[in-house]
Amino acid sequence: MSNSMDRRRFLSGGAMAGAAAAASAATLATPALAQSSPNIRWRLTSGFPNNLDTIYGGAVVMANAVKAITGGKFEIQVFQAGELVPGGQAIDAVKNNTVEIAHTCGYYFTGKDPTFAIGSTIPFGLNARQQNAWLYHGGGNEAYDAFLSDYGVIGKPGGATGTQMGGWYRKEIKSVEDLKGLKMRIAGVAGQVMAKLGAVPQQLPGGDIYPALERGTIDAAEWVGPYDDEKLGFYQIAPYYYYPAFWEGGLTIHFFINKDQYAALPDEYKAALDTACKAANINMQALYDVKNKDAIRSLVSKGTQLRPMPRDVLDAAYKATFELYDEYSQKYPAWAKIYPGWKKFRDESYEWFRVAEYTFDSYGYAMQAAGK
């Protein structure tokens, strides 16, 4: 065989091999997700009306991220509170697979067991940073999921508000005595603490608070903070705005997911959902921190009377809170299982935060207030 023929055969064979390799590479380059993963459609019921764009919007942020990550193969349709099921039935709807997922606050379901609240927020608990630390890396998510397992759901942090405001009051609160007989919209464990101080707690959905204030059915109400509260119009009826909400130092809103539906997801979809939930969690906190700083100025310009919560109210509430937690430990096995680890984390985290965070913040705030 001549050298020229050898060369032609070599080039021909090389071209064929190259084409085959290119085809193989193209196949490998096509994501496995696009080739074999199923199309999945879920429905999500929110605990919030869609006019509260920041808190309701957390579910939309998550759903959009899941859809984008999976190339549209995994879609979650978001429905506002009451559109599919009433907000107070969200956990049952997920458990019964009426919907696959809900976005709401665990403390709305303390009527079933107060342990629902410990994963979201409880009075004199953790701030937002500490809450994320406990949930993600301090054993909180694992402990909460072990509790939720009895209800056929798992929970994923999916939104944060930071420390909330202590609510709107028709009359000024000068001491703990002024709470006696006060009819107040306040949810979860916080309502039981306020009941110990003489108030009459009522749990109302966000959209029902303004009409109740307007009619005089309630004397006071708490929701979240300046941005949401201004949109809901509470300042038009109850001029006194107190801070802080000792009951919500760092609320976590959860995505509650049907346990069997989650287990059936492909691993890629689980990763997409987990990542999207974390994105929604961080994004909501950042949005509130931006929007609240403007809304508080707006509210004051409209005549809102800002007031610190009286010290004797805080002291009485602190005492009542930890007495209540001791009662829970005797009455609710799930609480007794989670609370000691939560309390240990809280106490040790407080020790650390006093060293750096508190001193840094306190000095900076003092200098800013002094105009420096």
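Residues numbered from 1 in each chain as written. Predicted model: local features only at pLDDT ≥ 70, side-chain atom pairs only at ≥ 80, totals over all residues. Heavy atoms only, no water.

### Re the overall build of the chain
What the chain contains, in helices and strands, is 15 helices and 11 strands. With the C-alpha coordinates of the chain rotated into their principal frame, the extents come out at 110 × 55 × 40 Å. When burial is assessed residue by residue, the chain has 47% of its 372 residues classed as buried. By sequence separation, contacts in the chain at least 24 residues apart represent 78% of the contacts at least 6 residues apart. Surface summary for the chain: the accessible area is close to 17400 Å², and the carbon and sulfur share equals 55%. When the 37 basic and 37 acidic side-chain charges of the chain are each reduced to a single mean position, those positions are 4 Å apart. (Helix = DSSP H or I, 4+ residues; strand = E, 2+ residues; numbered from the N terminus. Buried < 20%, exposed > 50% of the residue type's maximum accessible area, 1.4 Å probe, protein only. Contact = heavy atoms within 4.5 Å. Areas by Shrake-Rupley, 256 points an atom, 1.4 Å probe, with all protein chains shown as cover. Lys, Arg positive; Asp, Glu negative; His and termini not counted. Charge placed at Lys NZ, Arg CZ, Asp CG, Glu CD.)

### A word on the domain arrangement of the chain
By the assigned domains, the chain splits into domain 1 (38–161 + 248–288) and domain 2 (165–247 + 295–336). With centres defined by C-alpha atoms, the gap from domain 1 to domain 2 works out at 24 Å. Between domain 1 and domain 2, the contact holds 23 residues from the first and 27 residues from the second. Together domain 1 and domain 2 conceal approximately 2100 Å² of surface at their shared face, both sides included; 65% is due to carbon and sulfur atoms. Per-residue buried area on domain 1 facing domain 2 is highest for P123, F124 and E248; these three make up 33% of the total on that side. Viewed at the interface, domain 2 and domain 1 are joined by 1 salt bridge. Put simply, K231 and D53 hold a salt bridge, and the shortest N to O gap is 3.0 Å. Along the contact surface separating domain 1 from domain 2 lie 9 residue pairs in polar contact (both at pLDDT 80 or more). Listed by contribution, the elements that provide at least two residues to the side of domain 1 that touches domain 2 are α3 (53–69) and α5 (115–118). Taken together, the residues of the side of domain 1 that touches domain 2 sort by class into 13 nonpolar, 7 polar and 3 charged. (Domains from an automatic or database assignment. Buried area = accessible area lost by both parts, 1.4 Å probe. Salt bridge = Lys/Arg side-chain N within 4 Å of Asp/Glu carboxyl O. Polar contact = N/O pair within 3.5 Å; in protein donor to acceptor, adjacent residues only side chain to side chain. Nonpolar A, V, L, I, M, F, W, Y, C, P; charged D, E, K, R; others polar.)

### Considering the sheet that holds strand β8 (residues 220–221)
What the 6 strands build is an open sheet, ordered β7-β6-β8-β5-β9-β11; its pairing is mixed. A single partner strand is all that each edge strand has here, and the edge strands are β7 (200–202) and β11 (305–308). Strand direction decides the pairing type here: strand β9 (residues 240–243) and β11, joined by 4 bridges, are parallel. Paired with Y240 across the two strands is Q305, which belongs to β11. (Pairing = 2+ DSSP bridges.)

### Overview of helix α7 (residues 140–148)
Taken as a whole, α7 has its buried residues at G140, N141, Y144, F147 and L148. For α7, the buried positions fall inside an angular range of 125° around the axis, keeping them on one side. Buried residues along α7 sit in contact with α5, α6 (128–137), β4 (153–160), β10 (252–258) and α14 (333–355). (Arc of directions from axis to C-beta.)

### Quick notes on the packing of helix α8 (residues 188–196) against helix α13 (residues 311–331)
Put simply, α8 and α13 touch, their axes get as near as 9 Å, and they point 120° apart. When the interaxial angle is binned, α8 and α13 end up oblique. As for the relative orientation of α8 and α13, their crossing is right-handed in sense. For the pair α8 and α13, contact is made by V189, Q192, V193 and K196 and by A317, A320, T321, L324, Y325, E327 and Y328, respectively. When grouped by side-chain class, the residues that make up the contact of α8 with α13 number 7 nonpolar, 2 polar and 2 charged. (Axes fitted to C-alpha atoms, helices over the stretch in contact; angles between N-to-C directions. Parallel < 35°, antiparallel > 145°, perpendicular 65-115°, else oblique. Left-handed = near helix turned anticlockwise from the far one by under 90°.)

### Side note on the pairing of β10
Of all 7 residues in β10, 7 are buried; the element is thus mostly enclosed. Residues of β10 alternate between two faces, with T252, H254, F256 and N258 on one and I253, F255 and I257 on the opposite face, all of them buried. Sheet topology places β4 next to β10; 6 bridges connect them, and they run antiparallel. Opposite P157, over in β10, you have H254 as the bridge partner.

### Concerning the packing of α6 against α7
Running from amino to carboxyl end, α6 crosses α7 at an angle of 70°, the nearest separation of the two axes being 4 Å. It follows from the interaxial angle that α6 and α7 lie roughly perpendicular. Contacts between α6 and α7 involve W134, L135 and Y136 on the former and, on the latter, G140, N141 and E142.

### Focus on the environment of V85
Within the secondary structure, V85 is located in the loop between β2 (74–79) and α4 (90–95). Remark: the alpha-carbon pair of V85 and K331, spanning 246 residues in sequence, is separated by 30 Å. When neighbours within four sequence positions are excluded, V85 is seen to be in contact with T45, A93 and T98.

### Section: the confidence of the model for the chain
A residue-level look at the chain finds 91% of positions with pLDDT of 70 or above and a mean pLDDT of 92. Note that residues 1–30 has pLDDT below 50 and, in this model, 4 contacts with residues that lie over four places away or in other chains. (pLDDT = per-residue confidence, 0-100.)

### Considerations on α3
With 17 residues, α3 extends 23 Å from end C-alpha to end C-alpha; this agrees with the ideal 24 Å at 1.5 Å per step. Residue A59 marks the point of greatest curvature in α3, where the axis turns by about 25°. Along α3, the positions that sit buried rather than exposed are T54, I55, Y56, G57, G58, A59, M62, A63 and V66. Structurally, α3 contributes buried residues whose contacts are with β1 (40–46), β2, β3 (101–104), α10 (226–232), β10 and α12 (267–301). (Expected span 1.5 Å × (residues − 1). Bend = angle between axes of the 7 residues up to and from the residue.)

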